[in-house]
Amino acid sequence: MNKRQTRLPTREKLNAKNKMLKRLAQGKMAHLLQELQTHQAELEMQNEQLRESRMKLEKIGSRYSDLYLFAPIGYFIFDRNGIVLEVNLTGADQLGIEQHQIVETPFAFYVAQEDQIRFHTHLAAVFQDGGRRRCEIKIAGRGTTIYAQLESLLVEEESGALHCRTAVTDITLRKRAEEEIEKFSESLQGQILLQTAELRATNQALENEIIERMKAEQILARQANVDAVTGLYNRRYFDLRATEEIARADRKGGCFALLLCDLDYFKAVTHTLGHQTGDRILKAVAQKVAEAARESDLVFRWKGDEIAVLLTDTSREGVLLAAERIRKAVAKVSEESQVLLHLHIGAAVYPEHGFTIDALIRVAEHSLSIAKQGEEEIHIGNREHRLDARDIRMVFQPVVDLRSGRPIGYEALTRDPQGKRTAPELFKQYQAMGRLHELKRLCFLSQINEAQRLGLQEGRLFLNVDFHLLDQIAFFQKPEGIDVILEISEREASQGRHFERHLALAEKWRARGFQIAIDDFGAGSVSFPLVGKLVPDYIKIDRCTLLQAVSSPKVRRFLNELVSAFQNYTTRGMIAEGIETEQELAVVREMGVELGQGFLFGRPQALMPA
């Protein structure tokens, strides 16, 4: 095979290979072109999106510009030092300066001098504490001055820097209005103060006039209600207050009393010493009666020498106590003026003695008449009350033989039948009523009758009496079978001016069969002549003397000798009163006393018939 024949297959192979390569290249180019076209379409879509985004941003920027730059309030951005970083057009207008001239300048340049410290304090507080803060300042821009309200907020920028965003609102109109209102208010307040002062002056003048009128009316009312001589209320005022007192007693369910006080012998005083002296004494009596009354009581001049007293919220016991105070007060006037004055009192109690004032007056006048006709100094009600055994309660305390311990007799004592008052209080009450002697007579007779009823045969009955009682009682026969011992107080029996008369009266009763005892021996001064001349049947040693002997050995030795001496001047013996303890009993026995009486042996009590 020649060389030509050999190259021919090789070239064909190369051509075939080139054709194949060419076909491969054309396929890749087509694929690459297709990819490029795809990328181009994607880029065109992205460009369209970018254009839409740019248009939106332009709209947002335009809206922001409208909202920020042309907002109706000023917007400022400050740094920590108060340098203006940004400001909108409204803010620039508020300062009266262009925007570019404001930026990078301290905002304090535009703040009024008096508000500089307030602004810096506000700014420092924003940066220090954060949050939203407000303050009001005056801004003095170029050719303009406004009142502004700053509302600031601390924000952090993307760079990390802290800025203060502040909205500035023009409040000039509001401030001007407030100033006008304040001026008007001050003016109005001044007018009000002036008118108030004028009204106060007028009111004060009216008050003074009213006070003067009230004083005049009070003087007239007092003159109309007060007696000119005594200074007490008069009868006219009594009618008014008595009606009120009835209403109050009915409302509260209480009682009150009317006392009519009559001065005996006063007419004789007036006739003897003259009316002027009589008026002076009557005035003194009226003053003492008013002082003796309680603050709630009312005292009136009734008529002539009579005085009426309204005792508010009282009782029968209260009437007696008040009457006793009034009697003592009048007695003091009698003593001081050395003029004989004696008082009788008639009383009526509401509602016991009447339901009207007229009824009470009638009862009180009748009661006064009863008191003046009898021996009483005070009488209550329109009925004469005669004392009887129901007005007292009799009890008996044993007198004991200290050697055997057996009772040899009893001392009769008087007690309040209701148990409300002690024995001294009971006797004091009847003394105030002027019926003490009547009470003592009742006690004497009732005690002897009770002793007979109880059958105290062959017993001894000790009775407390006084010489006035013994003198007033007519002949009285001693009861058979009972020894009656009349106890007479040593102090009364030894009165110097009546000594001989008392001795004679004691002997008169002794002649009737009664025995005599000296009571309360040692309580006062020891009367040796009384013991020597009377020679009593018994001597009763007072408890006070016994207590001194118990507490003092010296007194005890003296009493031992004294008792030993007096034993010879009694016909029956000596009695120690008030023995309450074993120690006291031992002292009594040491003194040689054989009879005793006291709580150690028995308390006073009622006895049962034998």
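In this text the structure is predicted, and so the values were computed from the model without any measurement.

Colleague: Please provide a residue-by-residue account of the sheet that holds strand S8 (residues 306-311), values included.
Modeller: Reading across the sheet, the 5 strands line up as S7-S8-S6-S9-S10 and stay open at both edges, with mixed pairing between neighbours. What marks the edges here is a single partner per strand, and that holds for strand S7 (298-303) and strand S10 (378-380). Neighbour to neighbour, the strand axes of the sheet diverge by 20 degrees on average, direction disregarded. Against the sheet, helix H8 (residues 275-292) contacts strand S6 (256-264), S7 and S8, and its axis sits at roughly 10 degrees relative to S8.

Colleague: Hey, could you go over empty space enclosed by the protein for me, with residue numbers and the actual values?
Modeller: Applying the stated rule across the entire model yields 1 cavity of 30 Å³ or more. Put simply, the largest cavity is a space of about 60 Å³. Surrounding the largest cavity, Phe467, Ile488, Ala493, His502, Leu503, Ala506, Ile516, Ala517, Ile518, Leu530 and Leu534 form its lining. If you list the elements that add at least two residues to the lining of the largest cavity, you get helix H15 (499-511), strand S15 (515-521) and helix H16 (528-534). Considering only residue class, the lining of the largest cavity consists of 10 nonpolar, 1 polar and no charged.

Colleague: Account for the pairing of strand S14 (residues 482-489), naming residues and giving values.
Modeller: Counting buried residues along S14, 6 of its 8 residues qualify, which places the element largely inside the surrounding structure. By the bridge criterion, 6 bridges tie strand S13 (residues 459-464) to S14 in an arrangement that is parallel. Considered in S14, the bridge of asparagine 464 is made with glutamate 487. Note that the unit made of S13, helix H13 (residues 467-472) and S14 has a crossover that is right-handed.

Colleague: If you had to explain the packing of aromatic side chains to someone new, which residues and values would you point to?
Modeller: Counted by the stated rule, this structure contains 17 aromatic pairs. Between phenylalanine 78 and phenylalanine 107 the ring centres are 4.9 Å apart and the planes differ by 50 degrees, which places this aromatic pair in the tilted class. One end of the pair, phenylalanine 78, is in strand S1 (residues 74-78); the other, phenylalanine 107, is in the loop between helix H3 (99-102) and helix H4 (116-129), and 29 residues separate them in sequence. Judged on exposure class, the residue phenylalanine 78 and its partner phenylalanine 107 are both buried. Taken together, the ring pairs in this structure connect Phe76, Phe78, Phe107, Tyr110 and Phe119 into an aromatic cluster. Positioned above the aromatic ring of tryptophan 509, the side-chain terminus of arginine 512 is 4.4 Å from the ring centre.

Colleague: If you had to explain the environment of glutamate 52 to someone new, which residues and values would you point to?
Modeller: Mapped onto the secondary structure, glutamate 52 falls in helix H1 (residues 3-69). When its relative accessible area of 41% is taken as the criterion, glutamate 52 is described as partly exposed. Sequence separation between glutamate 52 and glutamate 324 is 272 residues, and the spatial gap between their C-alpha atoms is 123 Å.

Colleague: Can you tell me about the packing of H8 against helix H9 (residues 316-337), naming the residues and giving the values?
Modeller: Relative to each other, H8 and H9 sit at 145 degrees, their axes nearing to 9 Å. As H8 packs across H9, the resulting crossing turns out to be right-handed. Mapping the contact onto sequence places Ile281, Ala284, Val285, Lys288, Val289 and Ala292 in H8 and Arg325, Ile326, Ala329, Val330, Lys332 and Val333 in H9.

Colleague: I'd like to hear about the pattern of salt bridges, residue by residue, with values.
Modeller: Oppositely charged side chains can pair when the atoms bearing their charge come close. Across all of its chains, the model carries 36 salt bridges by this definition. The closest approach of N and O atoms between lysine 540 and glutamate 577, which form a salt bridge, is 3.2 Å. Placement of the pair is lysine 540 in strand S16 (residues 538-541) and glutamate 577 in the loop between strand S17 (573-576) and helix H19 (582-590), with a sequence separation of 37 residues. With respect to class, lysine 540 is no different from glutamate 577; both count as buried.

Conventions we followed
- Residues numbered from 1 in each chain as written.
- Predicted model: local features only at pLDDT ≥ 70, side-chain atom pairs only at ≥ 80, totals over all residues.
- Heavy atoms only, no water.
- Pairing = 2+ DSSP bridges.
- Helix = DSSP H or I, 4+ residues; strand = E, 2+ residues; numbered from the N terminus.
- Axes fitted to C-alpha atoms, helices over the stretch in contact; angles between N-to-C directions.
- Contact = heavy atoms within 4.5 Å.
- 1 Å grid on protein atoms, 1.4 Å probe; cavity = no way out; pocket = protein on both sides within 12 Å on 5 of 7 lines; lining within 4 Å.
- Points joined across faces, edges and corners; volume = space filled by probe spheres on them.
- Nonpolar A, V, L, I, M, F, W, Y, C, P; charged D, E, K, R; others polar.
- Buried < 20%, exposed > 50% of the residue type's maximum accessible area, 1.4 Å probe, protein only.
- Right-handed = clockwise from strand over helix to strand, strands pointing away.
- Phe/Tyr/Trp six-rings, centres within 6.5 Å; stacked < 30°, edge-to-face > 60°.
- Lys NZ or Arg CZ within 6 Å of the ring centre and 35° of its normal.
- Left-handed = near helix turned anticlockwise from the far one by under 90°.
- Salt bridge = Lys/Arg side-chain N within 4 Å of Asp/Glu carboxyl O.

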